[in-house]
Structures are given as C-alpha cells and as structure tokens.
Amino acid sequence: QVQLEESGGGLVQAGDSLRLSCAASGRTVSSYSMAWFRQAPGKEREFVAGITWSGGSTNYADSVKGRFTISKDNAKNTVYLQLNSLKPEDTAVYYCARSRLAYELRSGRTEYDYDYWGQGTQVTVSS
C-alpha cells in the first residue's frame with residue numbers, strides 16, 4: 001500500500017513563498033511520475049505540476065508556470081513544490097499524487113492518470 005503525506009502548507013500573504021513536501025512510502029518517487037493537484041472551495045480539483053520518474057520532464061498548469069517549481073529527491077522518496085509569488089487565487093488544498101503507470105515518459109495532467117493520493121495540505125494566501 002502506497003502512502004503519501006503532504007506537509008508545508010500554511011497562511012501567507014500575497015507575494016510570499018512556501019515549499020510543500022510529499023513524503024512517499026516505498027520506491028514510489030524513483031519509479032513513478034508524481035504530481036501536485038489543488039482544489040479551491042467550490043471548485044473542481046485541478047492539475048498544478050507533474051514530474052516524471054526520471055525527473056527529466058516536468059509540466060505545469062499555465063496559471064502557475066514561472067512561479068511554481070516541482071522537484072524530487074529520490075534518496076528521501078520525497079517530492080516538493082516550491083510556490084513563489086503567491087496570489088490569493090492560489091488558495092486551495094494541495095494534494096500529492098502518484099501515477100498509475102511506472103516509467104512514463106511524460107507525467108499526466110488529469111486525475112485519471114493517478115491512483116494514489118495524499119490527504120492534502122491547506123495553502124491560504126491573504127491579499
């Protein structure tokens with residue numbers, strides 16, 4: 001059973017930065033694509049960023065491109081999301097997810113592409 005545990009969320013002001021972490025059990029990070037999604041109140045969960053098992057390919061939602069950076073540390077079995085220049089519209093619960101398939105060449109951008117999810121960490125950005 002794969003377990004994903006997010007941390008690092010909090011209450012910040014617009015323009016501030018945060019770093020989210022997702023600690024995974026097993027050899028998850030080194031073999032599977034990993035992604036971050038978020039869900040704001042009253043909205044559907046949306047893709048934020050993804051990274052392949054090799055770390056050689058990343059992709060981002062247009063709304064966060066240039067501000068957020070996804071990375072991973074295989075030795076720690078952990079995935080990170082660096083959030084810079086935060087805006088009030090970034091307020092959401094952020095979820096970490098693991099892909100259904102191992103050794104993908106490109107990380108998916110839909111919920112269907114992922115089968116294990118963490119419980120989420122709240123990010124609140126005040127104006």
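As a starting point, this report considers the structure included with it.

Rules of the game
Along each chain, residue indices are assigned from 1 in the same order as the chain's sequence is written. In keeping with the model being predicted, local features are shown solely for residues with a pLDDT of at least 70 and side-chain atom pairs are shown and tallied solely at 80 or more, while totals for entire chains, interfaces and linings include all residues. Values reported for side chains reflect all heavy atoms of the structure, with hydrogen atoms and water molecules removed beforehand. Geometry of aromatic contacts follows a simple scheme: Phe, Tyr and Trp rings, the Trp one being its six-membered ring, pair when their centres are within 6.5 Å, and the pair is stacked under 30 degrees between planes, edge-to-face over 60, tilted otherwise. The criterion for a charge sitting over a ring is simple: Lys NZ or Arg CZ within 6 Å of the ring centre, and within 35 degrees of the ring normal. By nonpolar core is meant a set of buried Ala, Val, Leu, Ile, Met, Phe, Trp, Tyr and Cys residues that side-chain atoms within 4.5 Å join together. Using a 1.4 Å probe on the protein chains alone, a residue whose accessible area is under 20% of its type maximum counts as buried, one over 50% counts as exposed, and one in between counts as partly exposed. Under the scheme used here, helices are H or I runs from DSSP no shorter than 4 residues and strands are E runs no shorter than 2 residues, and both carry numbers assigned from the N terminus. We call two residues in contact when some of their heavy atoms are within 4.5 Å.

## Things to note about the packing of aromatic side chains
Link 1 in the chain: Counted according to the given criterion, the structure contains five aromatic pairs.
Link 2 in the chain: Taking 6.4 Å as the distance between ring centres and 70° as the angle between the ring planes, the aromatic pair formed by Tyr114 and Trp117 counts as edge-to-face.
Link 3 in the chain: Pairwise contacts between aromatic rings join Phe37, Phe47, Tyr114 and Trp117 into one cluster.
Link 4 in the chain: The ring centre of Trp117 lies 3.9 Å from the NZ or CZ of Arg45, which sits over that ring.
Link 5 in the chain: Positioned above the aromatic ring of Tyr32 is the side chain of Arg98, whose terminal nitrogen or guanidinium carbon lies 3.6 Å from the ring centre.

## Quick look at the nonpolar core
Link 1 in the chain: Core analysis: the largest hydrophobic core is formed by 33 residues, its most contacted members being Trp36, Val48, Phe68, Ile70, Leu81, Leu83 and Tyr94.
Link 2 in the chain: Looking at this core, the elements with two or more residues in it are strand 3 (18–24), strand 4 (32–39), strand 5 (46–51), strand 7 (68–73), strand 8 (78–83), strand 9 (92–102) and strand 11 (121–126).
Link 3 in the chain: In this structure, Leu81 is in contact with Leu18, Arg19, Leu20, Trp36, Val48, Ala49, Phe68, Thr69, Ile70 and Tyr94, ignoring residues within four places of it in sequence.

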